[in-house]
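Structural description and commentary
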Amino acid sequence: MAENTSKGPLSGDLGFIHQFIRASTRPDQVTLLLLHGTGGNEQDLIPLGRELYPRAAIISPRGKVLESGMPRFFRRLAEGVFDIEDLKFRTHELADFVEKASKVYSFSLRYVISIGYSNGANIASSMLFLRPEVTFSAVLFRAMVPFIPEKVPSLTGKNIFIGAGEYDPIVPPEQTKTLFRLFKDAGANVTLNWQKNSGHELGYNEISAAKDWLSDLPKK
Ligand code: MLT
């Protein structure tokens, strides 16, 4: 199928190098916000997005922070130790980008689903805490607690899937449980999917579980 993709001229204007792919069917208004892991780019998660929600539009930015040449969405001081000031600044910057992109590409902010992996999942969680209006739902693979919010916003009506590996060397199980609890206490509808014998890498079983979960989301 021919894809209607956009990148290039508008990328600079919106502040992030990115790729946009239009939805393949008009009435389906879902847009996936793809957020890659450390060292990734705007192309990395497109096959995953296609697999998870084939008809959706896609907006896929490249993280602007470089760590030894590897793109990320915010600075860290060490593995798992985040520069919180930068994380908050970058979260607002990313949310502003999504808002601007929704106007330029005419997609509805009400139906944006973040799909984040690792560093991308961490900024997606941060966006749920700081700018919840920008995402309707989120699939978070290998997410950590980005920070403990002073005031957790109401996340009632948001649907969140957390995919965790039991033996993840980067995300301790306690982090996953705390994140689950924070979202739950904020009123979100949260699903926690543990993968046995899995580490930080993503496996087919949980992609399939996330796909089933997405297909069960309330239809507009
Ligand atoms: C992060 O820095 O966001 C986490 O440590 C995950 C990663 O390695 O990107």
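Calculation criteria
- All residue numbers refer to positions counted from 1 along the written sequence of the respective chain.
- Owing to the predicted nature of the model, reporting of local features is limited to residues with pLDDT of at least 70; listing and counting of side-chain atom pairs is limited to 80 or more, with chain, interface and lining totals taken over all residues.
- In computing side-chain properties, one takes all heavy atoms of the structure into account and sets aside hydrogens as well as water.
- Only DSSP runs of H or I with at least four residues qualify as helices, and only runs of E with at least two residues qualify as strands; both kinds are numbered from the N terminus onward.
- Relative accessibility thresholds used throughout: buried, under 20% of the residue-type maximum; exposed, over 50%; partly exposed, between the two (1.4 Å probe, protein chains only).
- In what follows, a contact means two residues having at least one pair of non-hydrogen atoms within 4.5 Å.
- Each residue is tested against the molecule or strand, and it is near if at least one of its non-hydrogen atoms lies within 4 Å.
- In protein, a polar contact requires one atom able to donate a hydrogen and another able to accept it; more generally it is a pair of N or O atoms within 3.5 Å, and residues adjacent in sequence count only if both atoms are side-chain atoms.
- Where accessible areas are quoted, they stem from the Shrake-Rupley method and a 1.4 Å probe; at the residue level, only the protein chains shown are allowed to cover.
- Note on residue classes: Ala, Val, Leu, Ile, Met, Phe, Trp, Tyr, Cys and Pro are nonpolar, Asp, Glu, Lys and Arg are charged, and everything else, Gly too, is polar.
- Classification of ring pairs rests on two measures: the distance between centres of Phe, Tyr or Trp rings, Trp counted by its six-membered ring, which must be within 6.5 Å, and the angle between planes, read as stacked under 30 degrees, edge-to-face over 60 and tilted in between.
- Here the expected span of a helix is defined as 1.5 Å times the quantity of residues minus one.
- Each direction from the helix axis to a C-beta atom contributes to the arc, which is the arc of those directions.

A word on the environment of Val139
Counting through the fold element by element, Val139 comes out in strand E10 (residues 137–141). When its relative accessible area of 0% is taken as the criterion, Val139 is described as buried. Taking the C-alpha atoms as reference, Val139 lies 9.9 Å from Val190; in sequence the two are 51 residues apart. Ignoring any residue separated from it by four or fewer positions in sequence, one finds Val139 in contact with Ser114, Ile115, Gly116, Phe161, Ala210, Trp213 and Leu214.

Section: the site of the ligand
Every residue close to the ligand is listed here: Thr38, Arg72, Phe74, Arg76, Gly80, Phe82, Ser118, Asn119, Asn122 and Met144. Within the side chain of Ser118, a nitrogen or oxygen atom sits 3.4 Å from an oxygen atom of the ligand. Notes on the ligand: free accessible area 260 Å², of which the protein chains cover 96%. When grouped by side-chain class, the residues that make up the shell around the ligand number 3 nonpolar, 5 polar and 2 charged.

Some details on the packing of aromatic side chains
Under the criterion given, the structure shown has 9 aromatic pairs. Each ring, one from Phe20 and one from Tyr105, has its centre 4.1 Å from the other, and the planes form 5°; the classification is stacked. Within this pair, whereas Phe20 is found in strand E2 (residues 18–21), its partner Tyr105 is found in the loop between helix H3 (84–104) and strand E9 (112–117), the two being separated by 85 residues in sequence. Each member of the pair, Phe20 as well as Tyr105, carries the same accessibility label: buried. An angle of 90° between the planes, with centres 6.1 Å apart, marks the rings of Tyr111 and Phe136 as edge-to-face. Residue Tyr111 is found in the loop between H3 and E9, and its partner Phe136 is found in the loop between helix H4 (119–130) and E10; the two are separated by 25 residues along the sequence.

Here we look at unusual backbone geometry
A positive phi angle, close to 55°, is found at Ser118, a residue other than glycine. Here Ser118 lies in the loop between E9 and H4.

Focus: helix H5 (residues 173–185)
The end-to-end C-alpha distance of H5, which contains 13 residues, comes to 18 Å, matching closely the 18 Å that a straight helix rising 1.5 Å per residue would cover. For H5, the complete set of buried residues consists of Thr176, Leu179, Phe180, Leu182 and Phe183. Looking straight down H5, one finds its buried side chains confined to an arc of 165°; they lie on one side. In H5, the exposed positions that point more than 90 degrees away from the buried face belong to Glu174 and Asp185. Looking at the buried residues of H5, the elements they touch are H4, E10, strand E11 (159–165) and strand E12 (189–195). Immediately downstream of H5, the backbone of Gly187 shows phi near 100°, a positive value.

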